[in-house]
Each structure stands twice: as C-alpha cells, then as structure tokens.
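# Architecture at a glance
The primary structure of each chain is shown beneath.
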Amino acid sequence: MIRALLVMYALTVATARASEPVATVLADFESDSVAANIRSATNVAVSDCSLQTTQVPARGTRSLQLVIGATRQDASVVCGLRFRAPQAFATAQSVALFAQLRSGSVTISFEFRDSAGQTFYTASSTVSDRDRWVRVSAPLGSADLRPAVPVAGAPQAPRFPIELTGIRVSTPEIGRQTVCLDDIEVEHVVPAEDLLRAEFHFSRPTHLYTPQENVAGRIEFENRSRGRRVDATVDVAWLDADGTEVARRRGAISLPPSGPEFRSRQPLDFSQTFAQPGIYRAVAEVRSSQWLALRRFESSVAVMPSNRTLPRGRSVFFGARSGLLREPQSDAALELQVARELGVQLLAIDTPWRQIEPRPGELILRDLDRVVVAVVERDIAPLIALSEPPDWIGQAGLSHAEREILLLDSLARHFGTRVGYYQLCPAGEPRGLDAAHLESAQDRLTAVQRGARVLSPPVDAAQWPTPRGTASADGATFATRGPHAEALERIAALSTSAPPA
C-alpha cells in the first residue's frame, strides 16, 4: 500500500510539473496593448505606405492594415511592434498570425531580437489568396532564424530568450498592396500551472481613485492550453500598504481549451470602496487540483485626493518624464490623464532623434506633433528631451553638436510658442555639462524663439561640476541614483554648492 501511494504521488508530481504546450497571443489589436509603426522600408518611400488599425469581418472588430504603394519591384516594409508588456521566450516552437490579402501579393516573415541584441528573421511565407483569412506560421528553432546582418564564417545562432519585435512584409509586384494582420501568437511550453493567464481591468484605467469612490475591478482569465481544460477556485483579496486584509471574495472559473480560432476566457468581477488614502493591492489566488502550487496575480490602485485642478505658472515646476512617442495612443492618453491627476506641470517627452530625423535634414514630426498638442491641451508645459542619436551622426559632414543645433532650430521654428523647453541629447560620451555647446544651442534657440530654454542632458548630481567646465545652472538638469534618502542628500548638497537648476 505504501509503495502504491508513493507511485501515485510520483505520478501526480510528474504530471503537475510536466511542460505543457501553449499558444500565447501577443497581439489581437482589440486593445492597445501593442503599438505598431513603419520602422523602415526598402525600394519604397515610407510616405507611400500606411499602417493603421481597421475593422475586418470574421476576426473580432479590429486588425492591423498595411498598405504598400510599390513603385518598384521587391519593395519591403518592416512594421515595428512595441508591446505594453514585452515577453521573451526561452523556448519557442513557432510563431504565427492570420493574414488577409486585399490586393496584390506579399510575403511575410517575423523579426526577433535575441538576448545579445541581435536581430533575426524567420523564413518568409507567401500570401496570395485574396479576401480570406489564412494562417501564416514559421518555426523558431535556432537553425530556422537568419541574422538580419549576416556575418562571414559559421552561421550566426540566436541567443535565447528571444523577443518578437516586428513583421516584415515584402512584395515582388508594382502597385498597391494591402494586407490585414491579426492574432499574432507564439507557441511554446510552460509548466502546467502556467497554463492560466490573467489580466486586471479597473473602471478607472489610471488606477487612481478618490476616497469613498467605488473601485470596480475585473480579472479576465485565459486558458492558453490547446488540449487541457482548467477548473479552479479564485480568492480575491484587497490588502492595504502594510499587508492587512481589507476585504475578500471567492469565485470559480471553468475554462475549456483554446484553439486557433478561439481564445478561452472568463471574467471575474469584484469591487471595493476605500475611505482612507493609500496604495491598495488586489491579489487573486487561484487553486486547482491540477497543480501542486497556487497561482498568484496582483495589481494595485492608488486612493488619493485629486490634484487635477492644481494651477500651473509657479516659479518651480512639478515635472515628470514620459515615453509618449513609444506607446499606443490610448496608453499615451492614459499617461497624460495620470500626469494631470498627479498635478504634473512640466512633462519631458522622451524624443528619439533617430525617429524624428531618420536621415540628415529629413524631419518626420507627425507623431511628435500629436503628442505636443495632447500635452498642451491638458495645460501641461511640454519639454522635448532628445535621446538616441541616429547612426548617421558623424557620417554626414557635421559633428553631433552642429547637427543638434540645426535640429533645435528646425524644432523651434516648427513648434513656436507651443514648446518652450528643449533638452540636449547625450552624445555617447560623458560630455554632460558641455558649457560651450549648451551656450551655442541656447543662442540659436533664442534667436528663433525668445524665452525658450535649452537644458543639458541629465547628469549625476554627484558629478557636478565637471572638469570640462560648468554649464549655466539655468540650463542644467540632474539625475540621482540609489535610495531616495541618499538622493535627497545629494540634491541638498548640490543646492548649497551651486545655484539651483
């Protein structure tokens, strides 16, 4: 009997710990969990292409539509993908999506980045049948991925884990090529207890509530398995900042396996009202007889009086830095809403130089225009903070500093009084407080727009001043590292040794 029990226990453990094949849907374009853009084009001008979400019957309500206006043969476009929650795969069998060709003929391949930062592409698949959804897939073994930039000698192998970063669409034909893309997924293996995926949703996307306001929440569970159902009980608890339980409720989920045409999902609703300000955690503990360990999912909300009516126009701004240009529009709008609720008055917009000037003198400001307008409409002062200098810097006849001054001149003429603050881009070396460059940039900017200010790239407060000379404190910005208490000490020491920035 003891031997039989031991054998049964061993079988149970082996079953619970076995790896299960799953399909993780990275983007279905029903929500704004991914931002897509045309990152590069070959044999076709970017201006002759367009990328947008659109409604296409039979696959939900939204998909991604790419139009290529090919004026030459063998045109190719890379659609960059930036996920709200990036996911790297240590093991992966294949990647797939659904495609519907509306006109022309295209081939599709997938772009991945490995842990060493190298870019790889899968084999291409041809899509020629029109006006019907077809599944396009590619294997993801080490031998199946080809480097974007081949090197001489032995084949270059990717270093796992790998992360999906884009889709390459090519066409041998001339003319208008239109293709819709949907349900991008990666097939891989996970432990049995990781079959379940969960996502929290709240009535306020900002997760910011005022005291006595009802916090209405929902957890959406998804069974990623293609062959096993999941039955489980769910306990949802609200905890305050010190871990004390405020409330609890119990529910159950029963999810059949998913399929290529079907995602098995079930929501569980919960709500709570909080009288006192603070940070509150929503913790969902999921138990199933199929697993040895429970699954735990968490999210949080902040309960606080709103600062949305805090006026601007003080001598000292309350500022924040944001990557609005890198996010889906809905996420950017949400971040601006959070900034307004917190009383932010100055918002630094992280602006990749390589994105707004991909080639010398060729400015693409459509996305930056949209963000600046949205910031100004919320009565927040925008600061354009340059980052990521383009690869052509140093190869176009002028230095980094000279090119940057020309860019600032163009930006100031374009935005006028809508933007009153600009921050210089790190040059790749620790030039931080380069007083000469900062002064030249400020003079050029003042000549275009009186009252506009140029700030230096942020430098560690502990490095002030530098041997290269001290920039005007009126245009210097600083960063701190480490625990908050130590950071405050550095700022206090800086304020006594140099004029405040």
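First, a word on scope: everything that follows refers to the structure included in this document. For clarity, every value in this text was computed on a predicted model and none was experimentally measured.

Its place among the elements puts L346 in strand β23 (residues 346–352). Overall, the relative accessible area of 15% leaves L346 in the buried class. Sequence separation between L346 and I380 is 34 residues; the distance between their C-alpha atoms is 5.7 Å.

With that settled, the discussion passes to the nonpolar core. I68, L97, I108 and I167 are the most contacted members of the largest nonpolar core, which totals 41 residues. Per-element tally for this core: the top contributor is strand β5 (residues 75–83), with five residues. Residue contacts for L97: discarding those within four places in its chain leaves I108, F110, V134, R135, V136, I167, L181, D182, D183 and I184. Of all hydrophobic cores here, the second largest spans 36 residues; its members include L325, I356, L368 and V375.

The next subject is the packing of helix α4 (residues 366–377) against helix α5 (residues 400–415). It is the contact of α4 with α5, at a shortest axis distance of 12 Å, that shows an interaxial angle of 55°. Considering their axes alone, α4 and α5 lie oblique with respect to each other. Crossing of α4 against α5: the hand is right-handed. Contacts between α4 and α5 involve L368, D369 and V372 from the first element and L411, H414 and F415 from the second. Of the residues that constitute the contact of α4 with α5, the class distribution is four nonpolar, one polar and one charged.

A separate point is the pattern of salt bridges. Taken as a whole and assessed by the stated rule, the structure comprises 28 salt bridges. A salt bridge links R204 to E213; the nearest nitrogen and oxygen atoms lie 2.7 Å apart. Between D235 and R287 there is a salt bridge, and its shortest N-O distance comes to 3.5 Å. Separated by 52 residues along the polypeptide, D235 in strand β17 (residues 230–239) and R287 in strand β20 (residues 278–287) bring together distant segments of the chain. Members of the salt-bridge network, linked through shared partners, are D235, E245, R248, R250, R281, E285, R287, R296 and E298.

As a further point, take the environment of T126. Its location among the elements puts T126 in strand β9 (residues 125–127). Sequence separation of T126 and T107 is 19 residues, and the distance between their C-alpha atoms is 4.2 Å. Every residue in contact with T126, bar those within four places of it in the chain, is listed here: V106 and T107.

To continue, consider the packing of α5 against helix α6 (residues 435–448). Packing of α5 against α6 leaves a shortest axis separation of 9 Å and a crossing angle of 25°. Put simply, α5 runs roughly parallel to α6. Every pair of crossing elements has a handedness; the one defined by α5 and α6 is right-handed. Here A401, E404, I405, L406, L408, D409, A412 and R413 of α5 come into contact with α6, specifically with H437, S440, A441, R444, L445 and V448. Residues of the contact of α5 with α6, tallied by class, amount to eight nonpolar, two polar and four charged.

This part takes up the sheet that holds strand β22 (residues 319–322). Sheet strands pair via backbone hydrogen bonds, and the direction of the pair is either parallel or antiparallel. Pairing is parallel in the open sheet, where five strands are placed in the order β22-β23-β24-β25-β26. On the outer flanks of this sheet lie β22 and β26 (453–455), each paired with one strand and no other. Put simply, the sheet's adjacent strands are angled 25° from each other on average, direction ignored. Examined bridge by bridge, β22 and β23 share four bridges and lie parallel to one another. Each bridged residue has a counterpart across the sheet, and for R321 the counterpart in β23 is A348. Docked against the sheet, α4 engages β23 and β24 (381–387), running at close to 175° with respect to β23. Set on the sheet, α6 makes contact with β25 (421–423) and β26; between it and β26 the angle comes to about 155°.

With a probe scaled to a water molecule rolled over the atoms, the places where space remains empty come into view. According to the stated counting rule, one finds one cavity of 30 Å³ or more in the structure shown. Approximately 70 Å³ is the volume found for the largest cavity. If you go around the largest cavity, you meet ten residues; those closest to its centre are L208, Y209, T210, S306 and E341. Partitioning the lining of the largest cavity into residue classes produces four nonpolar, two polar and four charged.

Turning next to the sheet that holds strand β21 (residues 295–303). Across the sheet, five strands lie side by side as β15-β21-β20-β17-β18; this open sheet has mixed pairing. Two strands bound the open sheet, and with one partner strand each, they are β15 (208–209) and β18 (245–255). Summarising the sheet, β17 and β20 pair through seven bridges and their orientation is antiparallel. The residue bridging V234 from the neighbouring strand is V286, located in β20.

The next thing to look at is unusual backbone geometry. Residue F160 is joined to P161 through a cis peptide bond whose omega torsion reads 10°. Even without being a glycine, D183 presents a positive backbone phi close to 50°. Among the structural elements, D183 can be located in strand β13 (residues 175–191). Judged by relative accessible area, D183 falls into the buried class, the value being 16%. Backbone geometry places Q212, a non-glycine residue, at a positive phi of 75°. Counting through the fold element by element, Q212 comes out in the loop between β15 and β16 (214–223).

Conventions used here
Residues numbered from 1 in each chain as written. Predicted model: local features only at pLDDT ≥ 70, side-chain atom pairs only at ≥ 80, totals over all residues. Heavy atoms only, no water. Helix = DSSP H or I, 4+ residues; strand = E, 2+ residues; numbered from the N terminus. Buried < 20%, exposed > 50% of the residue type's maximum accessible area, 1.4 Å probe, protein only. Core = buried A, V, L, I, M, F, W, Y, C linked by side-chain atoms within 4.5 Å. Contact = heavy atoms within 4.5 Å. Axes fitted to C-alpha atoms, helices over the stretch in contact; angles between N-to-C directions. Parallel < 35°, antiparallel > 145°, perpendicular 65-115°, else oblique. Left-handed = near helix turned anticlockwise from the far one by under 90°. Nonpolar A, V, L, I, M, F, W, Y, C, P; charged D, E, K, R; others polar. Salt bridge = Lys/Arg side-chain N within 4 Å of Asp/Glu carboxyl O. Pairing = 2+ DSSP bridges. 1 Å grid on protein atoms, 1.4 Å probe; cavity = no way out; pocket = protein on both sides within 12 Å on 5 of 7 lines; lining within 4 Å. Points joined across faces, edges and corners; volume = space filled by probe spheres on them.

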